[in-house]
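Topology and contacts: notes
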Amino acid sequence: KDPRSCDAHSGIGELALVARRSGAVWFLAALNGTASENVRTLDLSFLGAGSYRATVITSPSPHALARREMTDVTAQTKLTAELASGDGLVAWFRP
């Protein structure tokens, strides 16, 4: 099974979503392009079976990593992300 996944809706200058797996652990990166505000519901179906602990780091204000959220998630969980222009998030999913 390929340890990478890329959202088919990603677009240059718009939004990039990339997930990568190392063993049972997944990493997700989201980068917003020039849209002033991009609210996305992220599909976590790439996680597969089981329950994961997620650490999500976002940037709720410009040039600051001010928030860290930890949530138990599954492949059916929908993660909502609010991204400002040029903003992004990183997430770490572990069983």
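The paragraphs below set out a description of the structure included in this document. (Residues numbered from 1 in each chain as written. Predicted model: local features only at pLDDT ≥ 70, side-chain atom pairs only at ≥ 80, totals over all residues. Heavy atoms only, no water.)

Here the focus is the overall build of the protein chain. Check the secondary structure of the protein chain and you find zero helices and eight strands. Element order for the protein chain, N to C, with α for helix and β for strand: β-β-β-β-β-β-β-β. Going through the 95 residues of the protein chain one by one, you find that 33% of them count as buried. Considering only intrachain contacts with a sequence separation of at least 6, the fraction spanning at least 24 residues in the protein chain is 57%. When the accessible surface of the protein chain is split by element, carbon and sulfur atoms take 55% of a total near 5900 Å². (Helix = DSSP H or I, 4+ residues; strand = E, 2+ residues; numbered from the N terminus. Buried < 20%, exposed > 50% of the residue type's maximum accessible area, 1.4 Å probe, protein only. Contact = heavy atoms within 4.5 Å. Areas by Shrake-Rupley, 256 points an atom, 1.4 Å probe, with all protein chains shown as cover.)

Moving on, we get to the nonpolar core. Among the nonpolar cores identified, the biggest contains 21 residues, and Leu44, Leu47, Leu89 and Phe93 are the most heavily contacted of them. Breaking this core down by element, the ones donating at least two residues are strand 2 (15-22), strand 3 (25-32), strand 5 (52-58), strand 7 (78-84) and strand 8 (88-94). Ignoring sequence-local partners within four residues, the contact set of Leu89 consists of Leu28, Ala29, Ala30, Leu42, Val56, Ile57, Thr58, Ala81 and Leu83. (Core = buried A, V, L, I, M, F, W, Y, C linked by side-chain atoms within 4.5 Å.)

Attention shifts here to the pairing of strand 3. Here strand 3 shows a buried face lined by Trp26, Leu28, Ala30 and Asn32 and an unburied face lined by Val25, Phe27, Ala29 and Leu31. For strand 2 and strand 3, the ladder comprises eight bridges, and the chain directions are antiparallel. Looking across to strand 3, one finds that Leu17 is bridged to Ala30. In this antiparallel pair of consecutive strands, strand 2 and strand 3, the connection spans two residues, and Gly23 shows a positive phi of 65 degrees. In terms of strand pairing, strand 3 meets strand 8 through six bridges, oriented antiparallel. Bridge assignment links Leu28 to a residue of strand 8, and that residue is Ala91. (Pairing = 2+ DSSP bridges.)

Evaluation of the coordinates by the stated rule reveals two salt bridges. Residue Lys78 pairs with Asp43 through a salt bridge whose shortest N-O separation is 3.7 Å. Note that Lys78 is positioned in strand 7 and Asp43 in strand 4 (residues 37-43), a separation of 35 residues in sequence. (Salt bridge = Lys/Arg side-chain N within 4 Å of Asp/Glu carboxyl O.)

We now examine the pairing of strand 5. Counting buried residues along strand 5, five of its seven residues qualify, which places the element largely inside the surrounding structure. Across five bridges, the pairing between strand 5 and strand 8 is antiparallel. Following the sheet pairing, Arg53 is matched in strand 8 by Arg94.

With that settled, the discussion passes to the packing of aromatic side chains. Here the structure, examined in full by the defined rule, presents two aromatic pairs. Taken together, a centroid distance of 6.1 Å and an interplanar angle of 80 degrees make the contact between Phe46 and Phe93 edge-to-face. Note that Phe46 is positioned in the loop between strand 4 and strand 5 and Phe93 in strand 8, a separation of 47 residues in sequence. The exposure class of Phe93 is buried, given its relative accessible area of 0%. Following the ring pairs from residue to residue traces out a cluster consisting of Trp26, Phe46 and Phe93. Between the NZ or CZ atom of Arg94 and the centre of the ring of Trp92, over which it lies, the distance is 3.8 Å. (Phe/Tyr/Trp six-rings, centres within 6.5 Å; stacked < 30°, edge-to-face > 60°. Lys NZ or Arg CZ within 6 Å of the ring centre and 35° of its normal.)

So, to be careful, I would describe these as geometric facts and stop short of saying anything about function.
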